[in-house]
Amino acid sequence: MSFWRQVTRGIQVLGNRRAADQEIDEEVNHYLEESTAMFAAKGLTPDEARRAARMEIGNEAVVREQIREYGWENTIDTWFADLRYAARRLRGKPGFTAASILTLALGIGATTAIFSVVEGVLVKPLPYSRPERLVALSHIAQGVNIKDLGLAASLYFTYSEENRVFQDIGMWQAGAWTVTGLGDPEEVPGLMVTNRFLAVLGVQPALGRPFLPSDDDPRGERTVMLSDGYWKSHFGGERTVLGRHLMLNGAEATIIGVLPPSFQFLDRKISLILPQRLNRAEVKLIGFCCQGVARLKPGATLAQANADVARMLLLAPAKFPLNPGLSAKTFRDLLIVPNLRPLKDVLVGDIGNTLWVLLGGVGLLMAIACANVANLLLVRAEGRRQELAIRAAIGAGWGRIARELLLESSLLGVAGGAFGLALASVAVQALVASDFVQLPRIHDISIDPAVLAFTLAVSLAAGFIFGLIPAFKYARPHLSGALRSDGRTAGQSKERHHARSVLVVVQVALALVLLVGSGLMMRTFQALNRVHPGFSRAPEIETMRIFVPAEQVPGPERTTRMEEEILRKVEALAGVSAVAITTGTPLESCCDNNPVRVEDQASREGAAPPVRRFKYVSPGYVSALGSRLIAGREPTWNEIYKRIPVAMVSENMARELWTEPRKALGKRIRPMSIGDWHEVIGVVADLRDDGVDQKAPSIVYWPLLRENPGGAGTATRSAVYLIRTPRAGSIGLRQEIQHAVASVNPNLPVADVKTLEAVYKRSLARTSFTLVLLAIAGSMALLLGVVGLYGVISYSVAGRTREVGIRLALGARRQNVTRMFLCQGLALSGIGAICGLAAALGLTRLMRSLLFEVSPADPLTYAGASAALVLAATIGSYIPARRATRVDPMEALRAQ
Amino acid sequence: MNGPNTDLIQGTLDMLILKTLSLEPMHGFGIARRIEQISKGVFKVNPGSLLTAFQRLERVGWLDSEWRQTENSRRAKFYWLTRSGRKQLEVETANWNRRASAIARLLKAEG
């Protein structure tokens, strides 16, 4: 009860301080009146009575203060008063305040922006229930060196039935469907999943019903679930959508549900979700089509799950028959092992390193900004020495003065933080909107409460820390020195100069580290740019993708003829010099990797043959891509339709297997252990298919209409067209392409139209992003460092005016005076540079994973950064040093 | 005044205020005079400490207060004991008696 009373009374007083004071006054007055009356009754005159009463009570003001001071609300009042006073002091010095706040806003803003990226991408948990229990279920085939084998239907069924550690398992595969009947035919991306997939994630549909086991039955009706975005854009968000039909790839599917607006999965564009509809009876052992995701039982660890999956892998061959043409030994030779990883790790990928390096970089910038502001505060406190000394002499304790200084610097910190937050929020919004760098989880990046808390903490901490420096130096001034009236000129005592010099050295050192970092990134970028990707004149290559569904165009030969017809029509467009079909856009494609058998190099017993990248191409591939035929020729359309077994290989594969590209011609290879041997008829120059910073994979180029043992061949249904034309990227060209395709088959949507140049730039985007940010941080750091140096030398010149005047009067030449100060500046930056180089050598090792063909100790970069620093330092010291020469010796000697 | 140290320490003052108010509600001056009277002038109450004590005791919840008219039609702040105040008075009285008899025993033992 008493606690509650304390609180309410305190709040009452805070609310109406005047009324509370008045009440105290009245009480004290009443006491005095009664006292006076008492003395009067004893026989004193009214005046004497009053005086006696006053003497008895003592100093009335003191008594009032004493009563007033009781209560917790007074502490708050005092703090508020101090705060108002600090704010007034800062307003009185607008230049200093503005400079400090701006500097801090820069440092805090940059740090907050990068922190929000780190928080959104690396730290925030995934938006599912209990996301830490979600694992990505994949495998590694150690026998054939395939790192991401994925999940096969046989294994999915085995794990669902036999596992002990999973609460639920789902299998998923990315897909795209041609939607017709809703206006123009459109290719819509989505997922094919097993029925428990959404349950694994803990996602409930916002409308309609979830998937049931009956949806997975291939004999049952086809069902589909829409995403919120697709529902709103194509069905107007009407609830009547349930039960309606959607034509997918020519087959009808019933809409059974709509996903919630917040649903996302691994940054994929998902408009539709369909059940996989696997027929368990037809599933064969080896069919790694998909990826898996599972929810661990409470208490199960990742290690236990990996062990359990390893156990179940041995059970699978007993449950499912082998594919025709493959033996049990083949399966064993693959040496499949489980690869379970937290789902978040799969999504985030390897960008963690880049982000931490960037965070470190802006952290350094923040440190430099703080050092700058600390310097400014020291100068200001220096100017207040007399005032502080007087206060200390009157009786202010060290704590009181220190509190005031700290409050002032904290106020600066918070103000800087507020502006910095505004800057950061603009920067973050720009980053998210531009989608320049393809960050994972980019839509999770925002200024959320965690980021706000971080900004507040950093602002207060920064304000506190750089406020401590002047607090320690000036809260307890040496009274005798400070109170002397000429205290100003004695202000150049070694001790005070020491602190500022140390701060400048630190600033210069950190700036050098950032410069070295950005220099290394610049060299990396240059090195990446110099790599020949395997194609030429990328701005002139337009790419597009077409998918020919089997339901619409059955028959592999018909499909290939249709693709050829589209190719001819596009070739006939104005300005087009070459067109070809391939699978997988260069630099973007991935994972069609399979073992290849070579005729005269029988694989050793027990070892599976090495794995190569498979691509299926049409004639004209080499010229459309701008690559080179090192030897031989390309297949012709005739050979493709007649299914004559030919193939091309990449240069590195030819060298590896037959030492020389020429020797590869005439050799025979085949993808499986049965079927025709294909003759190698051409060798193509290397293509850096995995990205410019990776080695070029060895590639086998099969004909477009591929082999199918005992069958009629398989067409390439997902075809990427490479169109070489100077008009690439123009809207006119794209429209003409659409018309050309539609004239052959109006139900084929054209998807993913982009120039190869755009793809190339995208692959370099992460490096350029890091480079740009580090370069900005580096130049800002250099600027701040030079400004700090400028400040110190200026102050030194101003303080030594008398000394300079004496020197000049005694006959020193003006250049010598300038040189004296210049040397001081260069000495400071020299020490800073040496410390910076040492620090850079240590810290840049952390950047190693971001660099390409550049060592973290690259001498050229270090030399360049040091040169830039020395140049900037010279300018920064020279300008104030020159001002020393304008000192008039007579004025200087006369002035006090 | 000179003479024996009769300034009251905080805890004792609280107890005396509570005791004084246990008889009837009073204003500050009245309480000061009553304490002086009953202690036959041994204890002189410092007005500042007294009025501050009232703040403290009110916040803790042992007193309540109200502005009323006195006999000479002046406005004064009257205080009275709350129920927890009465309980507190009993507790403090018991403590004081215990301490006083202990000290008395100690003094007798030495002599």
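Here we summarise the structure given alongside this text. (Residues numbered from 1 in each chain as written. Chains lettered and ligands numbered in written order. Predicted model: local features only at pLDDT ≥ 70, side-chain atom pairs only at ≥ 80, totals over all residues. Heavy atoms only, no water.)

### Quick word on the overall build of chain A
Helices and strands together make up the secondary structure of chain A, namely 30 helices and 22 strands. Its C-alpha radius of gyration of 39 Å places chain A more than 25% over the 29 Å reference for a compact globule of 896 residues. Principal axes of the C-alpha set define a box for chain A whose edges measure 130 × 85 × 55 Å. Each of the 896 residues in chain A was classed as buried or not, and the buried ones make up 50%. In chain A, once contacts between residues fewer than 6 apart in sequence are set aside, the share between residues at least 24 apart is 81%. In the structure as shown, chain A presents an accessible area of about 41000 Å², 58% of it carried by carbon and sulfur atoms. Taken as two groups, the 100 positive and 80 negative side-chain charges of chain A have centres that lie 7 Å from each other. (Helix = DSSP H or I, 4+ residues; strand = E, 2+ residues; numbered from the N terminus. Rg over C-alpha atoms; globule rule 2.2 N^0.38 Å. Buried < 20%, exposed > 50% of the residue type's maximum accessible area, 1.4 Å probe, protein only. Contact = heavy atoms within 4.5 Å. Areas by Shrake-Rupley, 256 points an atom, 1.4 Å probe, with all protein chains shown as cover. Lys, Arg positive; Asp, Glu negative; His and termini not counted. Charge placed at Lys NZ, Arg CZ, Asp CG, Glu CD.)

### A closer look at the interface of chain B and chain A
Counting from both sides, the interface comprises 29 residues of chain B and, opposite them, 26 residues of chain A. The contact between chain B and chain A buries some 2500 Å² in all, and 55% of this surface belongs to carbon and sulfur atoms. The largest share of the area that chain B buries against chain A comes from B:Phe29, B:Leu51 and B:Arg59, three residues that together contribute 33% of it. The interface formed by chain B and chain A contains eight salt bridges. Joining chain B to chain A, the criterion identifies 10 residue pairs in polar contact (both at pLDDT 80 or more). (Buried area = accessible area lost by both parts, 1.4 Å probe. Salt bridge = Lys/Arg side-chain N within 4 Å of Asp/Glu carboxyl O. Polar contact = N/O pair within 3.5 Å; in protein donor to acceptor, adjacent residues only side chain to side chain.)

### Structural notes on the state of the cysteines
Considering all chains together, one arrives at one disulfide over all chains under this definition. Considering cysteine sulfurs only, A:Cys823 is the nearest to A:Cys835, which forms no disulfide, with 19 Å between them. (Disulfide = S-S within 2.5 Å.)

### Focus: the sheet that holds strand E12 (residues 578-582) of chain A
All names here are of chain A. A sheet is described by the order of its strands in space; here four strands give the open sequence E12-E21-E11-E22, paired in antiparallel fashion. Both edges of this open sheet fall to E12 and strand E22 (750-755), since each of them pairs with a single strand only. Averaged over all adjacent pairs, the angle separating strand axes in this sheet is 20 degrees, with direction ignored. Across the sheet, helix H20 (residues 556-571) is in contact with strand E11 (541-547), E12 and strand E21 (718-724); its angle to E12 comes to roughly 155 degrees. Taken strand by strand, helix H25 (residues 731-744) contacts E11, E21 and E22, and its axis lies near 30 degrees from that of E11. (Pairing = 2+ DSSP bridges. Axes fitted to C-alpha atoms, helices over the stretch in contact; angles between N-to-C directions.)

### Digging into the pairing of strand E20 (residues 699-703) of chain A
Residues and elements named next belong to chain A. The buried fraction of E20 amounts to five of the five residues, a majority that puts the element mostly inside the structure. Pairing between strand E15 (residues 611-617) and E20: five bridges, direction parallel. From the neighbouring strand, valine 617 faces E20, where its bridge partner is proline 703.

### Thoughts on the environment of A:Thr158
Residue and element names in this part refer to chain A. Here threonine 158 is to be found in helix H7 (residues 153-162). In this structure, the C-alpha to C-alpha distance between threonine 158 and proline 317, residues 159 residues apart in sequence, is 9.6 Å. In this view, threonine 158 contacts Met312, Leu315, Ala316, Lys319 and Phe320; residues no more than four positions away in its chain are not counted. At 2.6 Å, the side chain of threonine 158 and the backbone oxygen of serine 154 are in polar contact.

### Quick notes on helix H26 (residues 756-799) of chain A
Spanning 44 residues, H26(A) covers 63 Å between terminal C-alpha atoms, matching the ideal 64 Å at 1.5 Å per step. Its maximal kink placed at A:Ala765, H26(A) deviates by approximately 50 degrees. (Expected span 1.5 Å × (residues − 1). Bend = angle between axes of the 7 residues up to and from the residue.)

### Thoughts on the environment of A:Ser794
All names here are of chain A. Residue position: serine 794 is located in helix H26. On the basis of relative accessible area, serine 794 is assigned to the buried category, the value being 13%. Sequence spacing of serine 794 and alanine 176 is 618 residues, and the spatial spacing of their C-alpha atoms is 67 Å. When neighbours within four sequence positions are excluded, serine 794 is seen to be in contact with Pro880 and Arg883.

### Focus: the nonpolar core
Residues and elements named next belong to chain A. If you look at the biggest cluster of nonpolar residues, it comprises 70 residues, and the most contacted ones within it are Val121, Leu439 and Phe821. Mapped onto this core, the elements with two or more residues apiece are helix H6 (94-123), helix H14 (352-383), helix H16 (398-434), helix H19 (494-530), H26, helix H27 (801-809), helix H28 (814-843) and helix H29 (859-884). Element by element, the count of residues in this core is highest for H19, at 12 residues. When near neighbours in sequence (up to four residues on either side) are disregarded, leucine 439 contacts Val117, Asp267, Ile351, Leu431 and Ile445. Formed by 45 residues, the second largest nonpolar core is a distinct cluster that contains Ile546, Val576, Phe614 and Val750. (Core = buried A, V, L, I, M, F, W, Y, C linked by side-chain atoms within 4.5 Å.)

### Observations regarding empty space enclosed by the protein
Residues and elements named next belong to chain A. Applying the stated criterion across every chain, the model contains six cavities of 30 Å³ or more. Computed from the structure, the largest cavity encloses a volume of approximately 60 Å³. Residue lining of the largest cavity: Leu377, Arg380, Ala381, Arg384, Leu405, Glu408, Ser409 and Pro470, and that is the complete set. The class makeup of the residues in the lining of the largest cavity is four nonpolar, one polar and three charged. (1 Å grid on protein atoms, 1.4 Å probe; cavity = no way out; pocket = protein on both sides within 12 Å on 5 of 7 lines; lining within 4 Å. Points joined across faces, edges and corners; volume = space filled by probe spheres on them. Nonpolar A, V, L, I, M, F, W, Y, C, P; charged D, E, K, R; others polar.)

### Description of the side chain of A:Asp858
All names here are of chain A. Position of aspartate 858 among the secondary structure elements: in the loop between H28 and H29. Judged by its relative accessible area of 10%, aspartate 858 falls in the buried class. Not counting chain neighbours up to four residues away, the residues in contact with aspartate 858 comprise Leu520 and Arg523.

### Considerations on the packing of H6(A) against helix H17 (residues 449-474) of chain A
Residue and element names in this part refer to chain A. Where H6 meets H17, the axes come as close as 10 Å, and the angle between the chain directions of the two elements is 145 degrees. Between H6 and H17 the crossing geometry is right-handed. When H6 is examined against H17, the residues Leu104, Ile108, Thr111, Thr112, Phe115, Ser116 and Glu119 are found in contact with a partner set consisting of Ala450, Val451, Phe454, Thr455, Val458, Ser459 and Phe466. In terms of residue class, the contact of H6 with H17 is made up of eight nonpolar, five polar and one charged. (Left-handed = near helix turned anticlockwise from the far one by under 90°.)

### Things to note about helix H2 (residues 17-41) of chain A
Taking 1.5 Å of rise per residue, 25 residues should cover 36 Å, and H2(A) covers 36 Å from first to last C-alpha, within 8% of that figure. A:Gly43 lies just past H2(A) and shows a positive phi near 120 degrees.

### Notes on the packing of H14(A) against H17(A)
Residue and element names in this part refer to chain A. Where H14 meets H17, the axes come as close as 9 Å, and the angle between the chain directions of the two elements is 35 degrees. Where H14 crosses over H17, the handedness of that crossing is right-handed. The segment H14 lies against H17, with Met366, Cys370, Val373, Ala374, Leu377, Leu378, Ala381 and Glu382 engaging Val458, Ala462, Phe466, Gly467, Ile469, Pro470, Lys473 and Tyr474. For the contact of H14 with H17, a count of residues per class yields 13 nonpolar, one polar and two charged.

### What to know about the environment of A:Val741
Note that A:Val741 resides in helix H25. Residues in contact with A:Val741, not counting those within four places in the same chain, are A:Met544, A:Ile546, A:Ile566, A:Leu748 and A:Val750.

### Some details on the sheet that holds strand E2 (residues 63-69) of chain B
Residues and elements named next belong to chain B. Strand order in this open sheet of three strands is E1-E3-E2, and the pairing throughout is antiparallel. Among the strands making up the open sheet, the edge pair consists of strand E1 (26-27) and E2. Two strands pair when backbone bridges link them, and E2 and strand E3 (residues 75-81) are joined in this way by seven bridges, in the antiparallel orientation. Bridge pairing in E3 links glutamine 69 to arginine 75.

### Structural notes on the pattern of salt bridges
Inspection of the entire model under this criterion finds 63 salt bridges over all chains. For A:Arg9, the salt bridge identified is with B:Glu58, shortest N-O distance 3.2 Å. Residue A:Arg9 is located in helix H1 (residues 2-15), and its partner B:Glu58 is located in helix H3 (residues 47-60); the two belong to separate chains. In this structure A:Arg9 comes out as partly exposed when scored by relative accessible area, which is 25%. Between A:Lys761 and A:Glu757 there is a salt bridge; the shortest N-O distance is 3.1 Å.

### Here's the deal with the packing of aromatic side chains
Residue and element names in this part refer to chain A. Under the criterion given, the structure shown has 12 aromatic pairs over all chains. Residues phenylalanine 535 and tyrosine 760 carry aromatic rings whose centres are separated by 6.4 Å and whose planes lie at 90 degrees to one another, so their mutual orientation is edge-to-face. Linking phenylalanine 535 in the loop between H19 and E11 with tyrosine 760 in helix H26, this pair joins segments that are 225 residues apart in sequence. The exposure class assigned to phenylalanine 535 is buried, which follows from its relative accessible area of 3%. What links up through ring pairs into an aromatic cluster is the set Tyr156, Phe157 and Phe320. A cation over a ring is seen here: arginine 403 above tryptophan 79, with NZ or CZ 4.9 Å from the ring centre. Above the plane of the ring of tyrosine 641 lies arginine 561, whose end atom (NZ or CZ) is 3.7 Å from the centre. (Phe/Tyr/Trp six-rings, centres within 6.5 Å; stacked < 30°, edge-to-face > 60°. Lys NZ or Arg CZ within 6 Å of the ring centre and 35° of its normal.)

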